[in-house]
Amino acid sequence: METIVESSGLPADVYSAKCPTRQVLDHISGKWTILVVDALLEGTLRYTDLSRRIEGVSQKMLTQTLRGLEADGFVTRTVYPTVPPRVEYDLTELGHSLAEPITALRQWTEAHINEIERARAASEPGKTP
């Protein structure tokens, strides 16, 4: 069954530059998005927990990623009226549906890393395959 984009009345087509599916695909395929969604599968996490779990992510990139995921309906942000305020993030139902292919991609990457590294090494200049 073909999905029709409600805002345009046109068929969803990620190959079309004008289709909003292209923006969504670009957003969900980013490395920080993949890591945040996968980390949130463990359950509700605070910002600092996410920051510790995802090594190498800057505060700016984590904040931008979480805002984008919240705007797209993948993540909920709950602020508790404490001093200092406590903020928690959790996957929505839509976020959980995205987590399945993201988890599969992470698992595939971890399972095939040695093959990939061997291919990279073989393609380096001066090396013979």
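Quick summary incoming for the structure in this document. (Residues numbered from 1 in each chain as written. Predicted model: local features only at pLDDT ≥ 70, side-chain atom pairs only at ≥ 80, totals over all residues. Heavy atoms only, no water.)

Re the pairing of strand β3 (residues 86–91)
Formally: Pairing between strands is defined by DSSP: at least two bridges between them are needed. Helix and strand definitions here come from DSSP, where helices need a minimum of 4 consecutive H or I residues and strands a minimum of 2 consecutive E residues; each element is numbered from the N-terminal end.
Pairing of strand β1 (residues 45–46) with β3, which is carried by two bridges, proceeds in the antiparallel orientation. Paired with L45 across the two strands is Y89, which belongs to β3. Where strand β2 (residues 75–80) meets β3, six bridges bridge the pair, whose relative direction is antiparallel. Looking at the pairing, T76 lines up with D90 of β3. Count of turn residues in the β2/β3 antiparallel hairpin: five residues.

Description of helix α2 (residues 31–40)
Selection rule: Per-residue accessibility, obtained with a 1.4 Å probe over protein chains only, is compared with the maximum for each type, and a residue is labelled buried under 20%, exposed over 50%, and partly exposed between these values.
In terms of burial, α2 is largely enclosed, as eight of its ten residues are buried. Every buried residue of α2 is listed here: W32, T33, I34, V36, V37, D38, A39 and L40.

Here we look at the pattern of salt bridges
Applicable threshold: Criterion for a salt bridge: a side-chain nitrogen of Lys or Arg within 4 Å of a carboxyl oxygen of Asp or Glu.
All told, the structure shown has five salt bridges when counted by the stated rule. In this structure, the salt-bridge partner of E42 is R53, at a minimum N-O distance of 2.9 Å. On the criterion of sequence distance, the pair formed by E42 in the loop between α2 and β1 and R53 in helix α3 (residues 47–53) is long-range, its members being eleven residues apart. Looking at E42, the relative accessible area reads 52%, which means it is exposed. Residue D49 pairs with R52 through a salt bridge whose shortest N-O separation is 3.4 Å. Here the residue D49 and the residue R52 both occupy positions in helix α3, the gap between them amounting to three residues, near one helical turn.

Focus: the packing of α2 against helix α4 (residues 59–71)
Heads up, the condition is: Every angle, taken between N-to-C directions, lies between 0 and 180 degrees, and every axis is a line fitted to C-alpha atoms, over only the stretch in contact when it is a helix. These descriptions rest on fixed angle ranges, namely under 35 degrees for roughly parallel, over 145 for roughly antiparallel, 65 to 115 for roughly perpendicular, and the rest for oblique. When checking whether two residues touch, look at their non-hydrogen atoms; a contact exists if any pair is within 4.5 Å. In this classification, Asp, Glu, Lys and Arg are treated as charged, Ala, Val, Leu, Ile, Met, Phe, Trp, Tyr, Cys and Pro as nonpolar, and every other residue, Gly included, as polar.
Two numbers describe how α2 lies on α4: the axes approach to 10 Å, and their chain directions differ by 70°. The orientation of α2 relative to α4 falls into the category roughly perpendicular. Here α2 contributes W32, T33, V36 and V37 to the contact with α4, which in turn contributes M61, L62, T65, L66 and L69. Here the contact of α2 with α4 is composed, by residue class, of seven nonpolar, two polar and no charged.

Focus on the packing of α2 against helix α5 (residues 93–123)
Here α2 crosses α5 at 110°, and the two axes come no closer than 9 Å. Between α2 and α5, the crossing angle belongs to the class labelled roughly perpendicular. Contacts from I34, V37 and D38 in α2 reach G95, L98, A99, I102, T103, L105 and R106 in α5. Counted by class, the contact of α2 with α5 contains six nonpolar, two polar and two charged residues.

Considerations on the nonpolar core
Here is the rule: For our purposes a nonpolar core is just a set of buried Ala, Val, Leu, Ile, Met, Phe, Trp, Tyr and Cys residues, chained together by side-chain atoms within 4.5 Å.
One finds V36, V37, L40, L50, V75 and Y89 to be the most contacted residues of the largest nonpolar core, which totals 22 residues. At the level of elements, α2, α4, β3 and α5 are the ones that each hand at least two residues to this core. Ranked by residues supplied to this core, first place goes to α2 with six residues. Those residues in contact with Y89, other than ones at most four positions away along the chain, are L40, G43, T44, L45, Y47, L50, L66, V75, T76 and R77.

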